[in-house]
Amino acid sequence: MSFKFKIIDKTEVFSIIPLMQKLTNNANSDAVLKERFAEMITQNYECAGIYDGDTLIGMSGMWFQTRHYVGRSMEVDHVYIEEKYRGNGLGKLFFKWLYDYAKSKGCTTCELNTYVQNYPSHKFYYNEGFEILGYHFLKKL
């Protein structure tokens, strides 16, 4: 299998919606996701894809910002790889590519949130050298 990593053009961002639906168990309709992604791409958001040939098999959103506590930072968001491609080192290769991309944009740190119940991701992120710095809280208004 020949994998490639690339930035998904803003005009193609809706191509990630089927993977996003798998990641979130269809928590939002396609229409809601289209609306949100259309707005996100105007707000320092980019998306990277993992391709097996021409087939999108993985993704990660990326937010770029400057934080008072770490400087220029990339926050990865909604990381997902199709199940049949997991466990073979592809995630590690993808994250190396993401780190290199972030460095090319002047970032010195990478941040992320992961769901509390997503235990397999916790092990992966620990192995990648991430540390827990706090909790992410959410309140619906």
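Residues numbered from 1 in each chain as written. Predicted model: local features only at pLDDT ≥ 70, side-chain atom pairs only at ≥ 80, totals over all residues. Heavy atoms only, no water.

A. Quick peek at unusual backbone geometry. If you check the backbone angles, Asn-26 has positive phi at about 55° while not being a glycine. Note on placement: Asn-26 falls in the loop between helix H1 (17-24) and helix H2 (30-40). The phi dihedral of His-78 falls on the positive side, at around 45°, and the residue is not glycine. Residue position: His-78 is located in strand E4 (residues 71-81). Exposure remark for His-78: the relative accessible area of 12% places this residue in the buried category. (Helix = DSSP H or I, 4+ residues; strand = E, 2+ residues; numbered from the N terminus. Buried < 20%, exposed > 50% of the residue type's maximum accessible area, 1.4 Å probe, protein only.)

B. Focus on the sheet that holds strand E1 (residues 3-7). Ordered by their spatial adjacency, five strands build an open sheet running E1-E2-E3-E4-E5, and the pairing between neighbours is mixed. Looking at which strands have only one partner, the edges of the open sheet turn out to be E1 and strand E5 (109-112). Along the sheet, successive strands turn relative to each other by an average axial angle of 25°, direction set aside. Of the pairings in the sheet, the one linking E1 to strand E2 (residues 45-52) comprises five bridges and is antiparallel in character. (Pairing = 2+ DSSP bridges. Axes fitted to C-alpha atoms, helices over the stretch in contact; angles between N-to-C directions.)

C. Representation of the environment of Val-13. Note that Val-13 resides in the loop between E1 and H1. Considered as a pair, Val-13 and Thr-42 are 29 residues apart in the sequence and their alpha carbons are 12 Å apart. Ignoring any residue separated from it by four or fewer positions in sequence, one finds Val-13 in contact with Ile-8, Phe-37, Ile-41, Tyr-45 and Cys-47. (Contact = heavy atoms within 4.5 Å.)

D. Structural view of the packing of aromatic side chains. Enumeration according to the criterion identifies 14 aromatic pairs in this entry. Ring plane angle 45° and centroid distance 6.2 Å describe the contact between Phe-5 and Trp-97, whose orientation is recorded as tilted. Of this pair, Phe-5 sits in strand E1 while Trp-97 sits in helix H3 (residues 90-104), placing them 92 residues apart in sequence. Since its relative accessible area comes to 23%, Trp-97 is described here as partly exposed. (Phe/Tyr/Trp six-rings, centres within 6.5 Å; stacked < 30°, edge-to-face > 60°.)

E. Main features of the nonpolar core. Ranked by internal contacts, the top residues of the largest apolar core, which has 19 residues, are Ile-50, Met-62, Met-74, Leu-90 and Leu-98. Going through the elements one at a time, E2, strand E3 (55-67), E4 and H3 are the ones with two or more residues in this core. Examining the composition of this core, we find that six residues originate from one element, H3, more than from any other. Ile-50 has contacts with Lys-4, Phe-5, Thr-55, Leu-56, Ile-57, Gly-58, Ile-81, Leu-90 and Phe-94, leaving out every residue within four places of it along the chain. Among the nonpolar cores identified, the runner-up in size contains 17 residues, and Ile-8, Ile-41, Cys-47 and Tyr-80 belong to it. (Core = buried A, V, L, I, M, F, W, Y, C linked by side-chain atoms within 4.5 Å.)

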